[in-house]
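Here's the letter readout for the chains.
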Amino acid sequence: MSIDSSSASGSPDFLFLQDVHGKGRGVFTRRHFEPGEIVLSFKGEIVGLDEVEDHGRYLQVGKRLFLGSSGGIDDFVNHCCEPNCGVTLSEGNIVLIAIEEIQPNDELTFDYSTWMAYDYWEMDCLCGSYHCRKRIKDFKYLPRGLRQKYIDLNVVPDYVQRETQYQVNASF
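Every chain's residues receive numbers from 1 upward, in the order its sequence appears when written. This being a predicted model, a pLDDT of at least 70 is required before a residue's local features are given, and a value of 80 or more before pairs of side-chain atoms are given or counted; all residues contribute to the totals for chains, interfaces and linings. As a rule here, side-chain values cover all heavy atoms of the structure and leave hydrogens and water aside.

K.L.:
Now, about the pattern of salt bridges: what can you tell me, with residues and values included?
P.N.:
By definition, a salt bridge exists where a carboxyl oxygen of Asp or Glu is found within 4 Å of a side-chain nitrogen of Lys or Arg. Considering all chains together, one arrives at six salt bridges under this definition. Salt-bridge contacts for Arg 31 lead to Glu 37; the nearest nitrogen and oxygen are separated by 2.7 Å. Working definition: with a 1.4 Å probe on protein chains only, accessible area under 20% of the residue-type maximum means buried, over 50% means exposed, and in between means partly exposed. The exposure class assigned to Glu 37 is partly exposed, which follows from its relative accessible area of 27%. One salt bridge in this structure joins Lys 140 and Asp 119, with 2.8 Å as the shortest N-O distance. Remark: Asp 119 occurs in the loop between strand S11 (107–110) and strand S12 (123–124) and Lys 140 occurs in the loop between strand S13 (135–136) and helix H1 (144–152); sequence separation between them is 21 residues. On the basis of relative accessible area, Asp 119 is assigned to the partly exposed category, the value being 41%. The numbering of helices and of strands both runs from the N terminus, where a helix is a DSSP run of H or I of at least 4 residues and a strand a run of E of at least 2.

K.L.:
I'd like a rundown of the environment of Lys 23, residues and numbers included.
P.N.:
Relative to the elements of secondary structure, Lys 23 occurs in the loop between strand S2 (15–20) and strand S3 (24–29). Each C-alpha atom, one on Lys 23 and one on Cys 125, is 9.6 Å from the other, the two residues being 102 residues apart in sequence. The contact rule is simple, with two residues in contact once any of their heavy atoms fall within 4.5 Å. Those residues in contact with Lys 23 that lie beyond four places of it in its chain are Asn 78, Glu 107, Leu 126 and Cys 127.

K.L.:
Please give an account of the side chain of Thr 109 that cites residues and values.
P.N.:
By secondary structure assignment, the location of Thr 109 is in strand S11. Apart from the residues within four sequence positions on either side, Thr 109 is in contact with Val 77, Asn 78, His 79, Cys 80, Pro 83, Asn 84 and Cys 85.

K.L.:
Let's hear about unusual backbone geometry: which residues, and what values?
P.N.:
Even without being glycine, Glu 91 reaches a positive phi, approximately 50°. Mapped onto the secondary structure, Glu 91 falls in the loop between strand S9 (85–90) and strand S10 (93–98). Unusually for a residue other than glycine, Lys 134 sits at a positive phi of about 70°. Inspection of the secondary structure assignment puts Lys 134 in the loop between S12 and S13. Residue classification places Lys 134 among the exposed positions, given a relative accessible area of 57%.

Structure follows, in structure tokens:
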């Protein structure tokens, strides 16, 4: 099943929702993207930790801050342990950027772990990629080389890097 994005809260017409076997729906693109290009902006209300009902429906954006659902297509970007996108800040907006070349009809994914810190939440991974970690957990649990790759791609916010550095240093 495919849902045209033009009906989903003003989403760009090059994005669309499609069923993904075993995972619900995902966001797909009708156009090509080069690494570094902005693919979409995340919308929604920023709330405090005490207002979060289901961590699986929020994007952590600070130590105790979370971005809630927008009701738009950005709510359906799935996790992948080998993603083609990453989340970063651009001119004060939280955006999804391509971290590799993306072709028309590709599903857009990012590694949820890159924005997770403080052990608030984890879940089983259903991505099915060759390097699937089977469990989505905080950034600090990723292998050191993968953490550095994401940092070099500028898709790990400062609060996650600070917490990870603290945790790594505290374990010695």
